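Chain and residue survey
Chain by chain, the residues:
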Amino acid sequence: MNTVLKNYSGILLLLAGIIAGSLLGIFLPQAVEYLKPLGDIFLNLLFVSVVPLVFFAVANSIASLEQQSRFGRIIFSMAGTFLFTILVAALFTVGVVYFFPTEALPSTGELLPEASSDDSWSDRLVRFFSVGEFTELFSRRNMLALLIFSFLTGMAARKSGAAGQPFSLFLASGYEVMKELLLMMMKAAPIGLGAYFAYQVATVGPQLFGFYAKPLGLYYAAGTVYFIVFFSIYAFMAKGTDGIRRFWKNNIYPGLTAVSTCSSFATMPANLQAASRIGVPSTIANIVIPLGSTLHKDGSSMSSIIKIYVAFLIIGQDFFDPMNLMLALGITVFVSIVAGGIPNGGYVGEMLMISVYQLPVEAIPAVMILGTLVDPLATLLNSTGDTVAAMLVTRISGDKFTEGEELPL
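The model shown is predicted, which means the values in this text are computed figures rather than measured ones.

Calculation rules
Residues numbered from 1 in each chain as written. Predicted model: local features only at pLDDT ≥ 70, side-chain atom pairs only at ≥ 80, totals over all residues. Heavy atoms only, no water. Salt bridge = Lys/Arg side-chain N within 4 Å of Asp/Glu carboxyl O. Helix = DSSP H or I, 4+ residues; strand = E, 2+ residues; numbered from the N terminus. Contact = heavy atoms within 4.5 Å. Patch = residues over 30% accessible without salt bridge, like charges linked within 9 Å, V, L, I, M, F, W, Y side chains within 5 Å. Areas by Shrake-Rupley, 256 points an atom, 1.4 Å probe, with all protein chains shown as cover. pLDDT = per-residue confidence, 0-100. Buried < 20%, exposed > 50% of the residue type's maximum accessible area, 1.4 Å probe, protein only. Axes fitted to C-alpha atoms, helices over the stretch in contact; angles between N-to-C directions. Parallel < 35°, antiparallel > 145°, perpendicular 65-115°, else oblique. Left-handed = near helix turned anticlockwise from the far one by under 90°. Nonpolar A, V, L, I, M, F, W, Y, C, P; charged D, E, K, R; others polar. Core = buried A, V, L, I, M, F, W, Y, C linked by side-chain atoms within 4.5 Å. Polar contact = N/O pair within 3.5 Å; in protein donor to acceptor, adjacent residues only side chain to side chain. Expected span 1.5 Å × (residues − 1).

In total, this model carries 5 salt bridges according to the counting rule given. Residues Lys179 and Glu176 are paired through a salt bridge, measuring 3.5 Å at the closest nitrogen-oxygen approach. In this pair, Lys179 and Glu176 are both assigned in helix H7 (residues 165–186), 3 residues apart and thus about one turn of the helix distant. Salt bridges sharing common partners tie together Lys239, Asp242, Arg245 and Arg246.

On to the side chain of Asn60. You can see Asn60 is positioned in helix H2 (residues 32–64). Apart from the residues within four sequence positions on either side, Asn60 is in contact with Ser168, Leu171, Ala172 and Tyr175.

Moving on: a nonpolar patch on the surface. Together, Leu15, Ile19, Leu23, Leu24, Ile26, Phe27 and Leu28 give the surface a local cluster of nonpolar side chains, amounting to about 640 Å² of exposed area. In this structure, Leu28 sits in the loop between helix H1 (2–27) and H2.

A word on the confidence of the model for the chain. Mean pLDDT over the chain: 81, with 80% of residues reaching 70 or higher. Note that pLDDT drops below 50 for residues 107–117; the model gives that stretch 14 contacts with residues more than four away or on any other chain.

On to the environment of Ile278, then. Turning to its location among the elements, Ile278 is positioned in helix H11 (residues 264–278). With a relative accessible area of 1%, Ile278 lands in the buried category.

Another aspect to go through is the packing of H2 against H7. Packing of H2 against H7 brings their axes to within 8 Å, and their N-to-C directions diverge by 150°. Considering the angle they form, H2 stands roughly antiparallel to H7. When you trace H2 past H7, the crossing you get is left-handed. Classifying every residue of the contact of H2 with H7 by side-chain character gives 20 nonpolar, 4 polar and 1 charged.

With that settled, the discussion passes to the nonpolar core. If you look at the biggest cluster of nonpolar residues, it comprises 105 residues, and the most contacted ones within it are Val54, Tyr226, Val280 and Met391. With 15 residues, the top contributor of residues to this core is H2. Those residues within four positions of Val54 in sequence are excluded, and the remaining contacts are Met143, Leu146, Leu147, Ser150, Phe265, Met268 and Pro290.

Within the secondary structure, Val288 is located in helix H12 (residues 282–295). A residue is classified by how much of its surface remains accessible, and Val288, at 0% relative accessible area, is buried. Measuring from C-alpha to C-alpha, the distance between Val288 and Thr394 comes to 9.9 Å, with 106 residues separating the pair along the chain. Once residues within four sequence positions are removed from consideration, Val288 is found in contact with Met78, Phe82, Asp386, Ala389, Ala390 and Val393.

All right, on to the side chain of Ser61 then. Considering the arrangement of structural elements, one finds Ser61 in helix H2. Given a relative accessible area of 1%, Ser61 falls into the buried group. Within polar-contact distance, the side chain of Ser61 engages the backbone oxygen of Ala57 at 2.8 Å. Filtering out sequence-adjacent residues up to four positions away, Ser61 remains in contact with Ser282, Thr283, Asn286 and Ile287.

The end-to-end C-alpha separation of helix H13 (residues 298–315) is 27 Å, in line with the 26 Å expected for 18 residues at 1.5 Å each. With 16 of 18 residues buried, H13 lies mostly within the body of the structure. Residue Gly316 follows H13 closely and has a positive phi angle near 75°.

Here you go:
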């Protein structure tokens with residue numbers, strides 16, 4: 001019993017914090033404004049710690065790879081895995097809305113998109129892949145640029161040979177230090193995430209029972225099935241029944257963190273920790289999980305299909321027309337992979353959907369409100385999907401699972 005409490009004390013404390021926060025959000029919503037700063041402080045500390053962790057983790061992983069061919073195998077395996085799971089999630093959701101249709105939503109004019117920027121596509125492309133100042137790299141709003149810079153730094157360290165060895169040691173040391181810093185930060189998670197969860201329950205909770213209940217219920221039911229069934233299938237594909245056991249045993253903490261924060265970025269440290277305990281080699285986990293937090297979003301894939309389906313219900317058109325379905329899959333891949341690297345990428349994806357289908361303005365509020373309300377489960381699927389994707393990449397790339405590091409939760 002003592003061993004169980006020791007191994008799962010972090011999970012139990014986090015769960016207790018979330019339950020306490022939920023109860024406060026329900027029964028004492030007026031107290032939320034005093035609790036929210038605690039959650040904000042915790043998340044801010046987490047974000048400023050995760051940014052350097054991403055740099056050191058990715059650069060160190062690339063610099064420490066022994067063979068160029070192994071690097072290529074990991075990258076191609078990762079790209080194929082990301083695309084495969086995103087399309088599976090989208091096609092599963094298409095099947096769900098076909099066999100379990102819902103009713104149209106009333107439209108409101110409460111939410112309207114901001115005026116579109118006059119920037120050219122070339123300007124947007126430049127901002128998408130790069131920043132103008134070195135200091136701007138270390139912002140979570142420029143994650144894709146940071147990931148690219150980390151990749152290039154790791155490759156340069158490898159190509160530098162003996163001259164670059166001290167810098168490679170610096171990257172390895174920096175990664176270990178930042179990992180320990182994140183472990184220290186997570187000890188405050190029960191209080192910080194509990195306070196943030198109280199805010200979510202008090203502000204978003206009442207809307208869950210309004211006009212959006214049916215499509216929300218459809219998304220949450222489909223997402224739950226996908227989370228349990230498909231993630232188990234992916235874990236089985238990676239390492240058989242032992243893979244299923246390892247994944248679900250170590251996915252509790254990342255899952256609770258994802259639901260509490262609604263941030264794949266904030267869940268990344270817990271995912272890296274879970275991958276280590278599962279036995280995913282660090283050279284794979286430190287590439288796949290940071291990249292996945294930006295470029296791999298199964299939950300966004302499912303929500304994109306649901307939002308397009310609801311928009312078609314509002315305007316009374318056939319979502320299941322073959323051309324509409326093909327466009328929906330294309331938009332979904334963009335939203336799940338490309339838009340993940342853009343600040344407010346979800347809104348970019350929604351505006352793309354409105355533009356491609358030439359939908360009327362009345363469809364916009366419903367789509368944006370749905371995007372907000374599905375965020376907790378979407379984040380759960382987006383973030384914990386990175387861990388199971390790392391397991392698949394380990395299998396596909398030919399690497400071997402380790403016994404798993406028993407790091408404290």
